[in-house]
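Next come the chains, spelled out residue by residue.
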Amino acid sequence: TQKILESHLVKGHLIPGKEIFIKVDQTLTHDINAVMTYLAFEAIGLDRVRTECSVSYLDHNLLYVNSMTPDDHVYLQSVARKYGVYLSRPGNGICHTVHMARFGVPGKISMGGDSHTHGGAIGMLCIGVGGMDVATAMTGIPMRLKMPQIVKVHLTGQLKPGVNAKEVVLEMLRRETVKGGLGKIYEYTGPGAASLEVPQRATIANMGAEMGATTSIFPA
């Protein structure tokens, strides 16, 4: 975590609780809250996004009961073409899994308009934020946040037959509670982490949001 933050640090010092500014490499949005994000970006007046990679996923709101959702999707498709945003059409899959598989790069920092993320499974630092924060990141302006406390989670052994990776998260919730992760990044290490495959790591990284954590990460 510290290595990734150091390589992206624009201003500040990596002291827990202190304000830092970091460069953002990637952003992602999904169609539940993306419209306001891209309207805000349009209002800024830039002709293209300034990130290495920004992706708009049409994957959450797929029930066409009236004209509202189709209108949103038409807008999101047009704004993606105009500003250089990748578009994932309905049916491609859920944003977290698709983004990790198609755009994931270890050592990069990603901001997404959703509290859950899979990217920590492959050594990315992926932080869930609000839509306006994503819009700001797409302009190339560094992200401002309080330096989280980094908590090492040393995993030993292996998952027994019939036990899935979600049990690790449930045990973490038992110890930390649903608010215990506020202002923290959980970094999973040890021989137990090395025994987990990427989908298992993704489950654990994804569920870090249930503890209120800034994010969770595994070694690449």
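These lines cover the structure that appears in this document, whether it is placed above or below. (Residues numbered from 1 in each chain as written. Predicted model: local features only at pLDDT ≥ 70, side-chain atom pairs only at ≥ 80, totals over all residues. Heavy atoms only, no water.)

### A few points about the state of the cysteines
Inspection of the entire model under this criterion finds 0 disulfides. Between Cys 126, a cysteine without a disulfide, and Cys 95, which holds the nearest cysteine sulfur, the sulfur-to-sulfur distance is 11 Å. A residue is classified by how much of its surface remains accessible, and Cys 126, at 6% relative accessible area, is buried. (Disulfide = S-S within 2.5 Å. Buried < 20%, exposed > 50% of the residue type's maximum accessible area, 1.4 Å probe, protein only.)

### Things to note about the sheet that holds strand E4 (residues 53-57)
The parallel open sheet is built from 5 strands, whose spatial order is E5-E4-E3-E6-E7. The strands lining the two open edges of the sheet, one partner per strand, are strand E5 (86-88) and strand E7 (125-128). Direction aside, neighbouring strands of the sheet carry axes that sit 20° apart on average. Looking at chain direction, strand E3 (residues 26-30) and E4 are connected through 5 bridges and run parallel. Residue pairing for E4: Thr 27 is matched across the bridge by Ser 54. Along the sheet, helix H4 (residues 95-103) contacts E3, E4, E5 and strand E6 (109-112); its crossing angle with E4, the most-contacted strand, is approximately 145°. Its contacts with the sheet put helix H5 (residues 131-138) on E3, E4 and E6, and the angle it makes with E3 is roughly 140°. (Pairing = 2+ DSSP bridges. Helix = DSSP H or I, 4+ residues; strand = E, 2+ residues; numbered from the N terminus. Axes fitted to C-alpha atoms, helices over the stretch in contact; angles between N-to-C directions. Contact = heavy atoms within 4.5 Å.)

### Observations regarding the side chain of Asp 114
Relative to the helices and strands, Asp 114 is located in the loop between E6 and E7. No salt bridge is formed by the buried Asp 114. Its closest oppositely charged neighbour is Lys 166, at 14 Å. At 2.9 Å, the side chain of Asp 114 and the side chain of His 30 are in polar contact. Dropping the residues within four chain positions of it, Asp 114 is found in contact with His 30, His 60, His 96, Gly 128 and Val 129. (Lys, Arg positive; Asp, Glu negative; His and termini not counted. Salt bridge = Lys/Arg side-chain N within 4 Å of Asp/Glu carboxyl O. Polar contact = N/O pair within 3.5 Å; in protein donor to acceptor, adjacent residues only side chain to side chain.)

### Let's talk about the nonpolar core
Of all hydrophobic cores here, the largest spans 32 residues; its most connected members are Ile 22, Tyr 38, Phe 41, Leu 76, Leu 125 and Met 143. Those elements giving two or more residues to this core turn out to be helix H1 (2-8), strand E2 (19-22), helix H2 (34-44), helix H3 (68-83), E6, E7, H5 and strand E8 (143-146). Counting residues per element, this core draws most heavily on H3, which supplies 5 residues. Excluding residues within four positions of it along the chain, Leu 76 makes contact with Asp 31, Ala 34, Val 35, Tyr 38, Ser 56, Leu 58 and Leu 87. Counting 16 residues, the second-largest nonpolar core is a separate cluster that includes Val 168, Val 169, Tyr 188 and Ala 213. (Core = buried A, V, L, I, M, F, W, Y, C linked by side-chain atoms within 4.5 Å.)

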